Amino acid sequence: MSIKHQFRRSFASIAAAAAASDFPSLSSSTRTYYLNYPRLLSACKHLNHLLQIHAQIIVSGFNHHPSITHLINLYSFFHKCDLARSVFDSTPDPPRILWNSMIRAYTRSKQHNEALEMYCCMVEKGLEPDKYTFTFVLKACTGSLKLQQGILIHEEIARRELECDPFIGTGLVDMYSKMGDLKSARVVFDNMPEKDVVAWNAMIAGLSQSEDPCEAVDFFRSMQLVGVEPSSASLLNLFPGICKLSNIELCRSIHGYVFRRDFGSAVSNGLIDLYSKCGDVDVARKVFDQMAGRDDVSWGTMMAGYAHNGCFVEVMELFDNMKLGNIKINKVSAVSGFLAAAELRDLEKGKEIHDCAVQQMIDSDVLVATPLMVMYAKCGKTEKAKQLFWGLRGRDLVAWSAIIAALVQTGYPEEALSLFRDMQNKNLKPNRVTLKSILPACAELSLLKLGKSIHCFTIKADMDSDLPTRTALVSMYAKCGFFTAALTIFSRMSSRDIVTWNALINGYTQIGDPYNAIEMFYKLRFSAVNPDSGTMVGVVPACALLNDLDQGIWIHGLIVKLGFESDCHVKNALIDMYAKCGSFPSAEFLFNKTNFTKDEVSWNIIIAAYMQNGLAKEAISAFHQMRLENFHPNSVTFVSVLPAAAYLAALRKGMAFHACIIRMGFLSNTLVGNSLIDMYSKCGQLDYSEKFFNEMGHKDTVSWNAMLSGYAVHGHVDRTIGLFSLMQESQVQIDSVSFISVLSACRHAGLVEEGRRIFHSMSDKYHIRPDLEHYACMVDLLGRAGLFDETWDFIKGMPLEPDAGLWGALLGSCRMHSNVKLAEVALDRLVKLEPRNPAHFVVLSSIYAQSGRWADAGKARSKMNDLGLKKTPGCSWVELKNKVHAFRAGDKSHPQLESMHSLWNTLLEKMEKMGYVPDRSCVLQNVEEEDKEVFLYSHSERLAITFALLNTQPESTIQIVKNLRVCTDCHTTTKFISKITRRRIIVRDATRFHHFEDGICSCNDYW
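Residues numbered from 1 in each chain as written. Predicted model: local features only at pLDDT ≥ 70, side-chain atom pairs only at ≥ 80, totals over all residues. Heavy atoms only, no water.

A. Up close: the sheet that holds strand β3 (residues 958-962). In space, the six strands of this open sheet follow the order β2-β1-β3-β4-β5-β6, with mixed pairing throughout. Only two strands of the sheet have a single neighbouring strand rather than two, namely β2 (883-888) and β6 (1000-1001). Sheet topology places strand β4 (residues 985-988) next to strand β5 (residues 993-997); four bridges connect them, and they run antiparallel. When the sheet's bridge partners are listed, V987 is paired in β5 with H994. (Pairing = 2+ DSSP bridges. Helix = DSSP H or I, 4+ residues; strand = E, 2+ residues; numbered from the N terminus.)

Here it is in structure tokens:
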């Protein structure tokens, strides 16, 4: 065999090291040093010393085969196979013992393919393998999982009649067992004339990994019956089989066996792992606490046990105790710590564990680096995670699969798909785990075509037959709404577990098909599979979609019966269901139960529930309570709480949330960005919305729609239409919501022709079918313009049955033009659709009053009273010094009321001199004319404006929010006040914004 250049360089460097070292020279008797080399090699404990001895051997020209063998073995021990190989290659005509040493060196360093190549080369050279050769080569076959080559070697062993050798026989049993050929392993085992404990252990190890691990337990009993005393390795090989059985009674039996004997810490650590994997982590902790000589392996095993059972807080507590006890972190404890930090989203603790891993120099190991980057990804630091990933040497499929799965789970499916493509570009073939990780990304992005391609790949690669892959495919197709394929795969599955059923139930719920979700749930109940907590998380939201409180209560009862009520995810689903089904007190009760262990999702749900029930102040209070209880808000939290600030027009609160979003790193999140645009717009700060929109890195259709809506509600019709045109030019996907905003802008500005053109373009150009909300916009647009004949024809020609929103738009237009006849028609329809809504009677009463038909106005109000309905009282509020001050019409309880009345009288006097005449038609009661003026003067927005004038700096902008439409007289009054006080006054009423400045309103008196 030729000597390679790198090996020559290796020897040159070793010789140089010898020249520079203070190792004794050969001035003494050469023979004495020759005799000393074997003794020196045997005493060698450090690589540097070995290199120095090797250098002296080279310089001396010493060529003694036993010492050369010793050198190879020592380099193998120090995992320096390249240097071992250089020694081997420098030896002319190496004997069999050197070949064996080299094969053993490669096997010891897990370079199994190189070991097999050495064996083949040895045979080609004509050297006869001996029993030691076969012992080492069988280990190489086992390590490289090359069964066919192992069978060929077995044939050579049989030809030489070496099967009876206990070492070779044990090696064969081990090889066949680890490669799953238990039948061949058993044949070899039974033919062995003498079976020592190592042979029994090899057989137990193989059976423990088999489909029937009970055989491993039987073997463990049998070895004792034939007089073979089990060793520590026997128990450690048996434990995986017991774990697969999850038999806690068997755990206790084995524990008793161990307790009566002294097996040392390795078996105690195995017991901790055994109990943990069988679900009894409390007993595992007792074993841990009672251990006399706990080492870093014990701590790591206990941490892994807690992590396996989802006890992540306990993992962190153990890590803290390790630090206090100056116990070094190992790979297992680091991996468990990263897993816990990831699940708890505890970035600071994750960084602390990272620092410890760096100190122990284990952070670059792929086994540690993989959960490390997953931790950063799950804690929202995706760039850091990707940086670690690309810096990771020896990236294997596990690392690729882990980072892809983490990115999908943390809401970055696009990034996951990008990495998946990079992986393919590097000619790495995905395995089952990779495919199961990437399929959810296809589902999240509704990339059905890509999902189908991956499905085809699994079929071609014969990876579609196992249960987890098929379940992932069912889930992907279900989430993409392609239930034909999902149900086809589901029906062809020979066995289904609860995860498969849940994939379909959750899929139906997520696409908004509660009927099929409930039907699938009932089919599950009649099958042999029992529902789990994940089933309930899927079926409870279906009740919310159906608004079926009774069904939800029944399923809640079933949850209690099955023992799932304590599950946090189930409790969250129940809170959400009760809130959405109109039983908010039940939702609040469940949330506030003392035994409920909340998570971030729980807080997000209750914040959203408060908003759904119009309790914006309570939503903001819940957010602050969440922070006080040390929960970290996530992007969903801010998406839920920002609408509360928007509803109250609480700008300071909204800006505080914005600052928090920046600090927590959510500013780049598109959903959060969209909520900020909406919040600033509804708080009257359209310029802030515009600035944020322009600076957004990634805009989706919702971003554009939020900005369109902002322009529309502020009455900027030119900007709305301009942005809509830019959307088309930028090839942004326009949806039905985009058209609602543009049509709303047209109706606010009275642009009838433009509105008609845009409405018709929906179906003609964009092939979007108008829904009832679009038709209502057109009815409002035409009705406001007084085109009632065209409006009526438009309604009669609709392909859809008009709803309350559309008839309400017509009724509002009738009020604007005092069209009593059509208003009565509209009310007749509204009473049938919404018999309990008092607003419709109030509008009709207003129209009668405007027309002087006081008797009919009184009848409308009497009918409303007879039905037990009450008019929603006018309410206005203003935010001053981070506090919201609310006022109701006719409010006489405010402590500054006297000062407010005094200011109002002063303003009224100035207004009258400027030509103000009260519009008494805005008072619906049939009272004396002077009394009507008193009613007008106590409207809620006037109280809010006078309060704000008293409590703000001169020339500062005043912003008022009103829950109802601003009446004509209040609108006129606010124009006068803006001119007198030289203040900019912004009023947000139920339909739009009014910007008053120097006596002019932005709506141009058209609202």
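Read on, since the account is not over.
B. Quick look at the nonpolar core. With 284 residues, the main nonpolar core has I72, I153, L235, M375, M536, I606 and L810 as its most contacted residues. Formed by 29 residues, the second largest nonpolar core is a distinct cluster that contains L908, I945, V966 and C967. (Core = buried A, V, L, I, M, F, W, Y, C linked by side-chain atoms within 4.5 Å. Buried < 20%, exposed > 50% of the residue type's maximum accessible area, 1.4 Å probe, protein only.)

C. Highlighting the pattern of salt bridges. In the structure shown here, the tally under the stated rule is 41 salt bridges. One salt bridge connects D466 with R432, and the closest N-O pair in it is separated by 2.9 Å. You can see D466 sitting in the loop between α27 (448-460) and α28 (467-479) and its partner R432 sitting in helix α26 (residues 432-444), a full 34 residues away along the chain. A residue is classified by how much of its surface remains accessible, and R432, at 31% relative accessible area, is partly exposed. One salt bridge connects E690 with R719, and the closest N-O pair in it is separated by 3.6 Å. Taken together, the residues E690 in helix α41 (residues 686-695) and R719 in helix α43 (residues 717-729) connect sequence positions 29 residues apart. Where salt bridges share partners, they join E128, E156, R159 and R160 into one cluster. (Salt bridge = Lys/Arg side-chain N within 4 Å of Asp/Glu carboxyl O.)

D. Focus on the packing of helix α38 (residues 635-648) against helix α40 (residues 670-682). As a packed pair, α38 and α40 sit with axes 9 Å apart at the nearest point and diverge in direction by 10°. As judged from the angle between their axes, α38 and α40 are roughly parallel. Contacts between α38 and α40 involve S635, V639, L642, A645 and A646 from the former and L671, V672, S675, L676, M679 and K682 from the latter. Residue composition of the contact of α38 with α40, by class: eight nonpolar, two polar and one charged. (Axes fitted to C-alpha atoms, helices over the stretch in contact; angles between N-to-C directions. Parallel < 35°, antiparallel > 145°, perpendicular 65-115°, else oblique. Contact = heavy atoms within 4.5 Å. Nonpolar A, V, L, I, M, F, W, Y, C, P; charged D, E, K, R; others polar.)

E. The packing of helix α10 (residues 166-178) against helix α11 (residues 182-191), seen in detail. Between α10 and α11, whose axes approach to 7 Å, the crossing angle comes to 165°. The orientation of α10 relative to α11 falls into the category roughly antiparallel. By crossing handedness, the relation of α10 to α11 is classed as left-handed. Contacts between α10 and α11 involve G169, L172, V173, Y176 and S177 from the first element and L182, S184, A185, V188 and F189 from the second. The residue makeup of the contact of α10 with α11, split by class, is seven nonpolar, three polar and no charged. (Left-handed = near helix turned anticlockwise from the far one by under 90°.)

F. Representation of a nonpolar patch on the surface in the model. Taken together, the side chains of Y522, F526 and W554 make up a nonpolar region of the molecular surface, amounting to roughly 380 Å² of accessible area. Mapped onto the fold, W554 is located in helix α33 (residues 549-562). (Patch = residues over 30% accessible without salt bridge, like charges linked within 9 Å, V, L, I, M, F, W, Y side chains within 5 Å. Areas by Shrake-Rupley, 256 points an atom, 1.4 Å probe, with all protein chains shown as cover.)

G. Structural context of helix α24 (residues 397-409). Spanning 13 residues, α24 covers 18 Å between terminal C-alpha atoms, matching the ideal 18 Å at 1.5 Å per step. Buried residues dominate α24, accounting for ten of its 13 residues. When we look at burial in α24, the residues that qualify are A399, W400, S401, A402, I403, I404, A405, A406, L407 and V408. Its buried side turned inward, α24 meets α22 (366-378), α23 (382-390), α25 (413-425) and α26. G411 sits one or two positions beyond α24 and adopts a positive phi of about 90°. (Expected span 1.5 Å × (residues − 1).)

H. Representation of the environment of D866 within the structure. In this fold, D866 is placed in helix α51 (residues 854-866). Under the relative-accessibility criterion, D866 is labelled exposed at 67%.

I. Region of the structure containing unusual backbone geometry. For S246, which is not a glycine, the phi torsion comes out positive at approximately 50°. The phi angle at R982 is positive, at roughly 60°, despite the residue not being glycine. Assignment of secondary structure puts R982 in the loop between α55 (968-981) and β4.

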